[in-house]
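Single-letter residue listing:
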Amino acid sequence: MDWEAWARRAERAIDVAARGDWKGLFAPGATFTDPATAGTTDLRAIARDTRGAFPDWTQEITFIRGGDDWAVFEWVGRATYLGGEVDADGLVTRWRDYLDRKEPEQQIRRFARAQRS
């Protein structure tokens, strides 16, 4: 797999403002999961919800490493958020972020072990 080419394709597909083909990155019946979303096969809903909150979302993949059928990548997302997490005075009313360091590490270890077998 040419992961660098895949990364550039993914960046184009994820470009919300340019109406990228995000769903086109997924095989039929694929499941999407992230820390804010329980596992779902409803990719259309994920795309719709993302576009509703971040109409100009783009994602730059800054590093990618993978094997024959897996990859781990770092990315930077950029967008204008249309939600209401600040009040009229510009003070934060809600904050949510996450960094799950263990999950990528577990994935890398699992695939590394599988390649050694």
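This structure is a prediction, so every number in the text was calculated from the model and none was measured. (Residues numbered from 1 in each chain as written. Predicted model: local features only at pLDDT ≥ 70, side-chain atom pairs only at ≥ 80, totals over all residues. Heavy atoms only, no water.)

Things to note about the pattern of salt bridges
Counted by the stated rule, this structure contains four salt bridges. Among the ionic pairs, Glu 60 bridges to Arg 78, the shortest N-O distance being 3.1 Å. Of this pair, Glu 60 sits in strand β3 (residues 58-66) while Arg 78 sits in strand β4 (residues 71-78), placing them 18 residues apart in sequence. When its relative accessible area of 44% is taken as the criterion, Arg 78 is described as partly exposed. Because the salt bridges share partners, they merge into one network encompassing Glu 4, Arg 8 and Glu 11. (Salt bridge = Lys/Arg side-chain N within 4 Å of Asp/Glu carboxyl O. Helix = DSSP H or I, 4+ residues; strand = E, 2+ residues; numbered from the N terminus. Buried < 20%, exposed > 50% of the residue type's maximum accessible area, 1.4 Å probe, protein only.)

Let's talk about unusual backbone geometry
A positive phi angle, close to 60°, is found at Arg 19, a residue other than glycine. As for its placement among the helices and strands, Arg 19 is situated in the loop between α1 (3-14) and β1 (32-34).

Section: the packing of aromatic side chains
Here the structure, examined in full by the defined rule, presents eight aromatic pairs. Ring centres of Trp 3 and Trp 6 lie 5.7 Å apart, and the angle between their planes is 70°; this geometry places the pair in the edge-to-face category. With Trp 3 and Trp 6 both in helix α1 and three residues apart, the pair spans about one turn of that helix. Here Trp 3 matches Trp 6 in class, with each residue buried. With 5.7 Å between their ring centres and 55° between their planes, Trp 6 and Phe 73 make a pair best called tilted. Of the two residues, Trp 6 sits in helix α1 while Phe 73 sits in strand β4, which places them 67 residues apart along the sequence. Residue Phe 73 is classed as partly exposed on the basis of its relative accessible area, which comes to 30%. (Phe/Tyr/Trp six-rings, centres within 6.5 Å; stacked < 30°, edge-to-face > 60°.)

Remarks on a nonpolar patch on the surface
A surface patch of nonpolar side chains, about 360 Å² in accessible area, is lined by Val 86, Val 92 and Trp 95. One can find Val 92 in the loop between β4 and α3 (102-116). (Patch = residues over 30% accessible without salt bridge, like charges linked within 9 Å, V, L, I, M, F, W, Y side chains within 5 Å. Areas by Shrake-Rupley, 256 points an atom, 1.4 Å probe, with all protein chains shown as cover.)

Describing the nonpolar core
Counting residues in hydrophobic clusters, the biggest one holds 14 residues, and the most contacted among them are Trp 6, Ala 10, Ile 14, Trp 22, Phe 32, Ile 61 and Ile 64. Those elements that provide at least two residues to this core are α1, α2 (43-53) and β3. Ranked by residues supplied to this core, first place goes to α1 with five residues. Setting aside chain neighbours within four positions, we find Phe 32 in contact with Trp 22, Phe 26, Thr 37, Ala 38, Gly 39, Thr 40, Leu 43 and Ile 46. (Core = buried A, V, L, I, M, F, W, Y, C linked by side-chain atoms within 4.5 Å. Contact = heavy atoms within 4.5 Å.)

Some details on the environment of Ala 38
Along the chain, Ala 38 falls in strand β2 (residues 37-40). With 46 residues separating them along the chain, Ala 38 and Gly 84 place their C-alpha atoms 23 Å apart. Beyond its immediate chain neighbours, meaning those up to four positions away, Ala 38 contacts Phe 32 and Thr 33.

Here's the deal with the confidence of the model for the chain
The share of residues in the chain with pLDDT of 70 or more is 94%, and the mean pLDDT across the chain is 86. No element of the chain has a lower mean pLDDT than α3, at 76, and none a higher one than α1, at 95. (pLDDT = per-residue confidence, 0-100.)

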